[in-house]
Amino acid sequence: MKAITIPEPGGPDALVWAEVPDPTPGPGEVVIDVRASAVNRADLLQRQGYYPPPAGAPPYPGLECAGVVSALGPEVTGWELGQPVCALLSGGGYAERVAVPAGQLLPVPETVELADSAALPEVACTVWSNVVQLARLGIGETLLVHGGGSGIGTFAIQLGTALGATVLVTARSNKHERLRELGAALAVDYTTEDFVEATKQATEGRGADVILDIMGGSYLGRNVTALATGGRIVVIGLQGGRKGELNLAELLAKRGSVAATALRARPTAEKAAIVRGVREEVWPLIESGAIRPIVHHRLPMSEAAEAHRLVDSSDHFGKVLLTVD
Ligand SMILES: NC(=O)c1ccc[n+]([C@@H]2O[C@H](COP(=O)([O-])OP(=O)(O)OC[C@H]3O[C@@H](n4cnc5c(N)ncnc54)[C@H](OP(=O)(O)O)[C@@H]3O)[C@@H](O)[C@H]2O)c1
């Protein structure tokens with residue numbers, strides 16, 4: 001088969017579409033003939049050599065895919081050859097074929113085209129496990145999402161809204177109209193406005209109950225200030241650096257919490273539990289049309305370098321797909 005390889009870490013042109021050995025399914029695994037994968041920000045880091053795949057994962061990038069089951073390993077039940085599926089991966093989505101633990105498969109929702117379903121597993125699992133499972137976002141609460149126009153952000157707006165929360169976002173202003181159409185009650189241009197002040201104004205001084213943060217260090221202090229009493233901050237990205245100053249007195253006075261998680265390195269059983277939760281709680285919202293994949297652009301897998309350039313620029317809105325003919 002062919003896959004995107006990274007002979008030498010570097011810029012987008014480090015991605016090389018090349019012949020590699022076909023995967024074989026181990027016990028409990030299936031092989032998927034990939035129709036599409038999607039670019040995640042983490043893939044850009046992997047390309048540059050900063051985010052090696054976890055032990056046992058394929059060396060090629062790609063944290064999710066959609067396709068058709070083409071081989072079943074021993075001990076797999078509940079999935080059939082030829083079945084259309086999408087899947088959460090630990091790597092290897094940028095390829096014509098990938099082996100994946102069966103617990104990480106999801107059926108393709110009836111409302112979504114097969115290739116577009118590649119845009120769902122990573123964002124659905126990340127947003128649900130952090131905002132719902134960990135931070136317990138409640139009906140009537142306020143969710144502040146940093147990077148509203150990202151793959152993660154466009155999903156979080158839809159999920160938060162569908163769950164009955166008010167969603168505020170930060171993003172550059174050229175994305176604001178589309179963010180409001182998706183359900184954001186307020187979009188804050190972080191380049192010209194203070195998101196702490198905007199959050200306070202939007203919540204009559206209370207602050208946000210849950211903050212989904214992709215910036216890390218540079219936003220830590222201001223996130224605590226923007227938090228409501230009893231609020232929960234979940235850091236899932238470090239785009240603004242690994243280190244920041246945490247005012248514990250301010251956090252303590254608010255009885256707040258700060259958590260940080262990463263999905264890719266979780267053990268297979270934990271990923272399977274998250275995928276089960278997503279299938280039970282999020283998939284019905286996609287089937288009903290309350291949530292849809294937001295696909296900015298599709299490119300052939302062999303043009304992965306171009307897709308990385310686009311995501312690097314952050315000019316995309318939602319997800320960028322890589323397709324296999
Ligand atoms: N921990 C996990 O398990 C996990 C899983 C998946 C993703 N993630 C993380 O989640 C983040 C989003 O991932 P993605 O693949 O969806 O990314 P993406 O589509 O590439 O989006 C990145 C976004 O960052 C925004 N941004 C840049 N600087 C900002 C700032 N100062 N304030 C607010 N937003 C800013 C950009 O928006 P503008 O154009 O508006 O600047 C852009 O939309 C990444 O950091 C990724 O590593 C973590």
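Residues numbered from 1 in each chain as written. Predicted model: local features only at pLDDT ≥ 70, side-chain atom pairs only at ≥ 80, totals over all residues. Heavy atoms only, no water.

- An unreviewed UniProt entry lists the protein chain under the name NAD(P)H-quinone oxidoreductase, with Plantactinospora sonchi given as the organism.

**Section: the site of the ligand**
Part 1 of the reasoning: Around the ligand, the surrounding shell holds 26 residues, and the nearest of these are Arg41, Lys175, Tyr190, Gln239 and His316.
Part 2 of the reasoning: In the model, an oxygen atom of the ligand is placed 2.8 Å from a nitrogen or oxygen of the arginine 172 main chain.
Part 3 of the reasoning: A distance of 2.7 Å is found between an oxygen atom of the ligand and a side-chain nitrogen or oxygen belonging to histidine 316.
Part 4 of the reasoning: When the ligand sits alone it has 930 Å² of accessible area, and the protein chains cover 90% of it.
Part 5 of the reasoning: The set of elements that each furnish at least two residues to the shell around the ligand consists of helix H2 (121-134) and helix H3 (151-162).
Part 6 of the reasoning: For the shell around the ligand, the domains that each give at least three residues are domain 1 (2-120 + 266-323) and domain 2 (124-260). (Near = heavy atom within 4 Å. Polar contact = N/O pair within 3.5 Å; in protein donor to acceptor, adjacent residues only side chain to side chain. Areas by Shrake-Rupley, 256 points an atom, 1.4 Å probe, with all protein chains shown as cover. Helix = DSSP H or I, 4+ residues; strand = E, 2+ residues; numbered from the N terminus. Domains from an automatic or database assignment.)

**Some thoughts on the domain arrangement of the protein chain**
Part 1 of the reasoning: If you check the domain split of the protein chain, you get domain 1 (2-120 + 266-323) and domain 2 (124-260).
Part 2 of the reasoning: Relative placement of domain 1 and domain 2: their C-alpha centres are 26 Å apart.
Part 3 of the reasoning: Surface buried jointly by domain 1 and domain 2 totals about 1,800 Å² across both partners, of which 67% is contributed by carbon and sulfur atoms.
Part 4 of the reasoning: The three residues of domain 1 that bury the most area against domain 2 are Ile274, Ile291 and Phe317, which together make up 30% of that side's buried surface.
Part 5 of the reasoning: When the shortest N-O distance is used, the salt bridge between arginine 172 and aspartate 315 registers 3.6 Å.
Part 6 of the reasoning: Run the count over domain 1 and domain 2 and you get eight residue pairs in polar contact (both at pLDDT 80 or more).
Part 7 of the reasoning: Class assignment for the residues of the side of domain 1 that touches domain 2 results in 12 nonpolar, five polar and five charged. (Buried area = accessible area lost by both parts, 1.4 Å probe. Salt bridge = Lys/Arg side-chain N within 4 Å of Asp/Glu carboxyl O. Nonpolar A, V, L, I, M, F, W, Y, C, P; charged D, E, K, R; others polar.)

**Re the packing of helix H5 (residues 195-202) against helix H6 (residues 217-226)**
Part 1 of the reasoning: Interaxial distance between H5 and H6 falls to 9 Å at its minimum, and their mutual angle equals 15°. With respect to each other, H5 and H6 are oriented roughly parallel. The two elements H5 and H6 meet at a crossing, and its hand is right-handed. Only Tyr219, Arg222, Asn223, Thr225 and Ala226 of H6 make contact with H5, whose side of the interface consists of Phe195, Val196, Thr199 and Lys200.
Part 2 of the reasoning: Split by residue class, the contact of H5 with H6 holds four nonpolar, three polar and two charged. (Axes fitted to C-alpha atoms, helices over the stretch in contact; angles between N-to-C directions. Parallel < 35°, antiparallel > 145°, perpendicular 65-115°, else oblique. Left-handed = near helix turned anticlockwise from the far one by under 90°. Contact = heavy atoms within 4.5 Å.)

**Considerations on the nonpolar core**
Part 1 of the reasoning: If you look at the biggest cluster of nonpolar residues, it comprises 50 residues, and the most contacted ones within it are Phe155, Leu159, Val282 and Trp283.
Part 2 of the reasoning: At seven residues, H2 tops the list of elements feeding residues into this core.
Part 3 of the reasoning: Residues lining this core come from more than one domain, with at least three contributed by each of domain 1 (2-120 + 266-323) and domain 2 (124-260).
Part 4 of the reasoning: Leaving out residues up to four positions away in the same chain, phenylalanine 155 has contacts with Leu120, Val123, Ala124, Val127, Val282 and Ile291. (Core = buried A, V, L, I, M, F, W, Y, C linked by side-chain atoms within 4.5 Å. Buried < 20%, exposed > 50% of the residue type's maximum accessible area, 1.4 Å probe, protein only.)

**A word on the environment of glycine 140**
Part 1 of the reasoning: Structurally, glycine 140 is set in the loop between H2 and strand S8 (142-146).
Part 2 of the reasoning: Looking at glycine 140, the relative accessible area reads 53%, which means it is exposed.
Part 3 of the reasoning: Sequence spacing of glycine 140 and aspartate 194 is 54 residues, and the spatial spacing of their C-alpha atoms is 24 Å.
Part 4 of the reasoning: Once you skip the residues sitting within four places of it in the chain, glycine 140 turns out to touch Gly164 and Ala165.

**Let's talk about the sheet that holds strand S12 (residues 227-235)**
Part 1 of the reasoning: With parallel pairing, the six strands of this open sheet are ordered in space as S10-S9-S8-S11-S12-S13. Unpaired on one side and paired on the other, strand S10 (186-188) and strand S13 (257-260) mark the two borders of the sheet. Here the average twist between neighbouring strands, direction ignored, is 15°.
Part 2 of the reasoning: Across five bridges, S8 lies against strand S9 (residues 166-170) in parallel orientation. Bridge pairing in S9 links valine 145 to valine 169.
Part 3 of the reasoning: Taken strand by strand, H6 contacts S8, strand S11 (208-213), S12 and S13, and its axis lies near 150° from that of S12. (Pairing = 2+ DSSP bridges.)

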